[in-house]
Amino acid sequence: MVTAVTLNTGYSIPQLGLGTYKMSPEEARRSVAYALSLGYRHIDTAQMYHNEEGVGAGIKDSGVPRKDIFLTTKLDNPNHAPERVRETFAESLEKLGTDYVDLFLIHWPLLTGDFVDSWKVMEELVARGQIRSIGVSNFEPHHLAELAAASSTVPAVNQIEIHPYFHNSAAVEATEAAGAVVEAWSPLARGLVLDDAVLTPLAAAHGVTVSQLVLAWHMAKGYVVFPKSTHEERIKENFAAANVTLNAEEITAIDALDKGEAGRTGMHPDTMQRRH
């Protein structure tokens, strides 16, 4: 069984879901339908991924009622202007084949400093019933502080890079202090952890794969994870990570792998400025 985490909006989010980063629309359609058939109930996509139509088709193909699925999408970087938020969010709903999303995130804060304007429009969309919870992604502590100074609405989540080699501790601490849930993207460090000399014997002791071990570590830390795969066996394998329980010593051993900033595999939010 996948544990659910309660957001500050009162809604529950399954702690383990399916990510769709870099999936084509057809891959997303097949993968989403298959994942839902296994029991997944949390799907993560984004405008930037250009596969929302495939995700929506996969949900429809699955036959699982929309109300039983936690669906996330994200605001693309070129769309921070208020009118673009409204227009592109409406397009996302149409592509996804739904009249609401469970979670809508600002994908990157960027260097333009305009995310507060985007946030205010997102608050409007919540009031209209088109979004149940709003949050952010890749926000550093100073971004969270700026948002808190401009709005009384606390993000439901902050979706940030986290894995055994990069704990992103300052962002995690600021997120949790704000009352938001931490979501971990790149939870397997883009595959870099799979041959790790510490993780391999720990996984073997449990009779699981390193991927399952690391996903279990994330969930033990209280994070929400949504590993991406287009392969049925891997999607099934990842889902089984919900059944892996780690003890305190094992969690501490994995914690010790943190390399700090040297472990980051993605772009730093303070330098990410791409609009496209």
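Predicted model, so just to flag it, every value in this text is computed and none were measured.

> Can you help me understand the overall build of the protein chain in this one?
What the protein chain contains, in helices and strands, is 10 helices and 10 strands. Over its C-alpha atoms the protein chain spans a radius of gyration of 18 Å, differing by no more than 12% from the 19 Å that the globule rule assigns to 276 residues. If you line up the protein chain on its principal axes, its C-alpha atoms span 55 × 40 × 35 Å. The buried share of the protein chain, taken over its 276 residues, is 55%. Within the protein chain, counting contacts between residues at least 6 apart in sequence, those at least 24 apart form 75% of the total. Across the protein chain, the 23 positively charged side chains and the 35 negatively charged ones have centroids separated by 5 Å.

> Would you explain the nonpolar core in this entry?
As a rule of thumb, nonpolar side chains are buried together in soluble globular proteins. Of all hydrophobic cores here, the largest spans 66 residues; its most connected members are I43, V55, V101, L199, L213 and L246. A per-element tally of this core places helix 8 (residues 210–220) first, with 7 residues. Those residues in contact with V55, other than ones at most four positions away along the chain, are T20, A28, V32, I43, T45, L71 and L96. Core analysis: the next-biggest nonpolar cluster, separate from the first, contains 10 residues, L7, F70, L103 and L105 among them.

> What exactly am I supposed to notice about the packing of helix 1 (residues 25–38) against helix 2 (residues 52–62) here?
Packed helices, taken two at a time, are described by their axes: the angle between them and the distance between them. At a minimum axis distance of 7 Å, the contact between helix 1 and helix 2 shows a crossing angle of 35°. When the axes of helix 1 and helix 2 are compared, the crossing they make is right-handed. Touching P25, A28, R29, V32, A33 and L36 of helix 1 are G54, V55, A57, G58, I59, D61 and S62, all from helix 2. For the contact of helix 1 with helix 2, the class distribution of residues is 8 nonpolar, 3 polar and 2 charged.

> Is there a simple way to think about the packing of helix 4 (residues 115–127) against helix 5 (residues 141–150) in this case?
Closest axis-to-axis distance for the helix 4/helix 5 pair is 10 Å, and the angle between their directions is 55°. One finds that helix 4 runs oblique with respect to helix 5. Helix 5 is crossed by helix 4, and the crossing has right-handed handedness. Between helix 4 and helix 5, the contacting residues are F115, V116, W119 and K120 on the first element and H143, E146, L147 and A150 on the second. When the residues that make up the contact of helix 4 with helix 5 are grouped by side-chain class, the tally is 5 nonpolar, 1 polar and 2 charged.

> Just to check I follow, could you spell out the pairing of strand 5 (residues 70–75) for this structure?
Successive side chains on a regular strand alternate, one facing one side of the sheet and the next facing the other. Burial analysis of strand 5 places 6 of its 6 residues in the buried class, which makes it a mostly covered element. Alignment of strand 4 (residues 42–44) against strand 5, held across 3 bridges, turns out to be parallel. Among the inter-strand pairings, I43 is bridged to a residue of strand 5, identified as L71. Traced from strand 4 through helix 2 to strand 5, the parallel crossover comes out right-handed. Alignment of strand 5 against strand 6 (residues 101–106), held across 4 bridges, turns out to be parallel. When the bridges of strand 6 are listed, T73 appears paired with F104. Since strand 5 and strand 6 lie parallel, the crossover through helix 3 (residues 82–96) that links them has a hand, and here it is right-handed.

> Help me understand helix 10 (residues 248–255), please; the structure alone is not making it clear to me.
Note that an α-helix has 3.6 residues per turn; residues three or four places apart therefore point the same way. Within helix 10 the residues assigned to the buried category are E250, I251 and I254. What you see down the axis of helix 10 is that its buried residues fit within an arc of 100°, all on one side. With respect to the buried face of helix 10, the exposed residues turned more than 90 degrees away are A248, E249 and T252. Among the residues of helix 10, the N-terminal cap falls to N247, whose side-chain oxygen and the backbone nitrogen of E249 are separated by 3.1 Å.

> So what exactly am I meant to see when it comes to the sheet that holds strand 8 (residues 157–161) here?
Note: strands within a sheet are paired through backbone hydrogen bonds, in either parallel or antiparallel orientation. Judged by pairing direction, the sheet is parallel, and its 8 strands sit side by side in the order 3-4-5-6-7-8-9-10 without closing on themselves. Each end of this open sheet is capped by a strand with a single partner; those strands are strand 3 (18–19) and strand 10 (224–225). In this structure, strand 8 lies alongside strand 9 (residues 181–185), joined through 5 bridges in parallel fashion. Each residue of the ladder has a partner; that of E161, found in strand 9, is W185.

> What exactly am I supposed to notice about the side chain of T73 here?
On the secondary structure map, T73 appears in strand 5. At a separation of 2.6 Å, a polar atom in the side chain of T73 contacts the side chain of E52. When neighbours within four sequence positions are excluded, T73 is seen to be in contact with T45, A46, Q47, E52, S92, L96, V101, L103, F104 and L105.

Calculation criteria
Residues numbered from 1 in each chain as written. Predicted model: local features only at pLDDT ≥ 70, side-chain atom pairs only at ≥ 80, totals over all residues. Heavy atoms only, no water. Helix = DSSP H or I, 4+ residues; strand = E, 2+ residues; numbered from the N terminus. Rg over C-alpha atoms; globule rule 2.2 N^0.38 Å. Buried < 20%, exposed > 50% of the residue type's maximum accessible area, 1.4 Å probe, protein only. Contact = heavy atoms within 4.5 Å. Lys, Arg positive; Asp, Glu negative; His and termini not counted. Charge placed at Lys NZ, Arg CZ, Asp CG, Glu CD. Core = buried A, V, L, I, M, F, W, Y, C linked by side-chain atoms within 4.5 Å. Axes fitted to C-alpha atoms, helices over the stretch in contact; angles between N-to-C directions. Left-handed = near helix turned anticlockwise from the far one by under 90°. Nonpolar A, V, L, I, M, F, W, Y, C, P; charged D, E, K, R; others polar. Parallel < 35°, antiparallel > 145°, perpendicular 65-115°, else oblique. Pairing = 2+ DSSP bridges. Right-handed = clockwise from strand over helix to strand, strands pointing away. Arc of directions from axis to C-beta. Polar contact = N/O pair within 3.5 Å; in protein donor to acceptor, adjacent residues only side chain to side chain.

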